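Residue strings, one per chain:
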Amino acid sequence: RYLETTGRLGFVGYSDTGYVFYTLSIVSSSGSQSSRVPRPGSGGGGGIPITPVEPPTSCSASSTTLDHKTLSIADLQGNTETGTLTISCNKKASVRLKVFGYNHASGLALTNDRSLISRLTLDDIAADKALNVSVPDWGGASVDVKSVLEKTGTTVTPGTYSKALIVLITVD
């Protein structure tokens, strides 16, 4: 005779007393046996006590595009575009947002010669500073994103300019 453990331990369910139940399968030379680990107080053993595990906080953000459209040279200085980021989490959370690799003092160079830059803010705070945001339980929080154009030279070469940035989300 032999006894082989199959490794089959099948989940059955939770009880209202905080125990979890499994089905245990065993195979031997005289056949196979399957039995349920009994519930506590039913005589013959008990379940396995469990402590519920809180799922980790998980957050994500929508994307946004700030399009200044086609502008004349005279309309560049101070032109402003805004968008909205929506931060969503699976439960109530405090998060910090910051634009990765951005320096507000020097701005975001849109041209190679830095004759045109953009100053970025998140809820009117410089985007290189951490912005604290409270996200409600299974809800979203909106953050205003703003780009203000600034001419730093006497001329700006006409053209189409595009940059992409990453917003870091840190869950506290």
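Calculation rules
- Residues numbered from 1 in each chain as written.
- Predicted model: local features only at pLDDT ≥ 70, side-chain atom pairs only at ≥ 80, totals over all residues.
- Heavy atoms only, no water.
- Pairing = 2+ DSSP bridges.
- Helix = DSSP H or I, 4+ residues; strand = E, 2+ residues; numbered from the N terminus.
- Axes fitted to C-alpha atoms, helices over the stretch in contact; angles between N-to-C directions.
- Buried < 20%, exposed > 50% of the residue type's maximum accessible area, 1.4 Å probe, protein only.
- Contact = heavy atoms within 4.5 Å.
- Polar contact = N/O pair within 3.5 Å; in protein donor to acceptor, adjacent residues only side chain to side chain.
- Core = buried A, V, L, I, M, F, W, Y, C linked by side-chain atoms within 4.5 Å.
- pLDDT = per-residue confidence, 0-100.

J.: Requested: an account of the sheet that holds strand E7 (residues 93-100), with residues and values cited.
T.: Strand order in the open sheet formed by three strands is E11-E7-E13, and the pairing between neighbours is antiparallel. At either end of the open sheet lies a strand with only one pairing partner, and these are strand E11 (131-135) and strand E13 (166-171). When the angles between neighbouring strand axes are averaged without regard to direction, this sheet yields 30 degrees. Where E7 meets E11, five bridges bridge the pair, whose relative direction is antiparallel. Within the sheet, the bridge partner assigned to Ser94 lies in E11 and is Ser134.

J.: Break down the environment of Asn90 for me, citing the residues and quoting the values.
T.: Mapped onto the secondary structure, Asn90 falls in the loop between strand E6 (80-89) and E7. Judged by relative accessible area, Asn90 falls into the buried class, the value being 16%. Counting along the chain gives 47 residues from Asn90 to Asp137, while the straight-line C-alpha distance between them is 6.7 Å. Ignoring anything within four residues of it in the chain, the contact list for Asn90 reads Pro56, Thr57, Ser58, Asp137 and Trp138. Among the polar contacts listed, one links the side chain of Asn90 to the backbone oxygen of Pro56, at a separation of 3.1 Å. Only 2.9 Å separates the side chain of Asn90 from the backbone nitrogen of Ser58, close enough to count as a polar contact.

J.: Which residues make up the nonpolar core, and what values do they have?
T.: Grouped together as the largest cluster of nonpolar side chains are 23 residues, with contacts concentrated most on Val95, Leu97, Leu122, Val133, Val135 and Val143. Those elements that place two or more of their residues in this core are E6, E7, strand E9 (116-122), E11 and strand E12 (140-151). Not counting residues within four places of it along the chain, the set of residues in contact with Leu122 comprises Leu97, Lys98, Val99, Ala127, Leu131, Val143, Asp144 and Val145.

J.: Hey, could you go over the confidence of the model for the chain for me, with residue numbers and the actual values?
T.: With 71% of its residues at a pLDDT of 70 or more, the chain has an overall mean of 80. Predicted confidence in the chain is weakest over strand E1 (residues 3-14), with a mean pLDDT of 47, and strongest over E9, with 97. In this model residues 1-12 is a low-confidence stretch, pLDDT under 50, and it forms 28 contacts with partners more than four residues away in sequence or in other chains. Every residue in residues 33-45 scores below 50 in pLDDT, and together they form 33 contacts with partners more than four places removed in sequence or on other chains.

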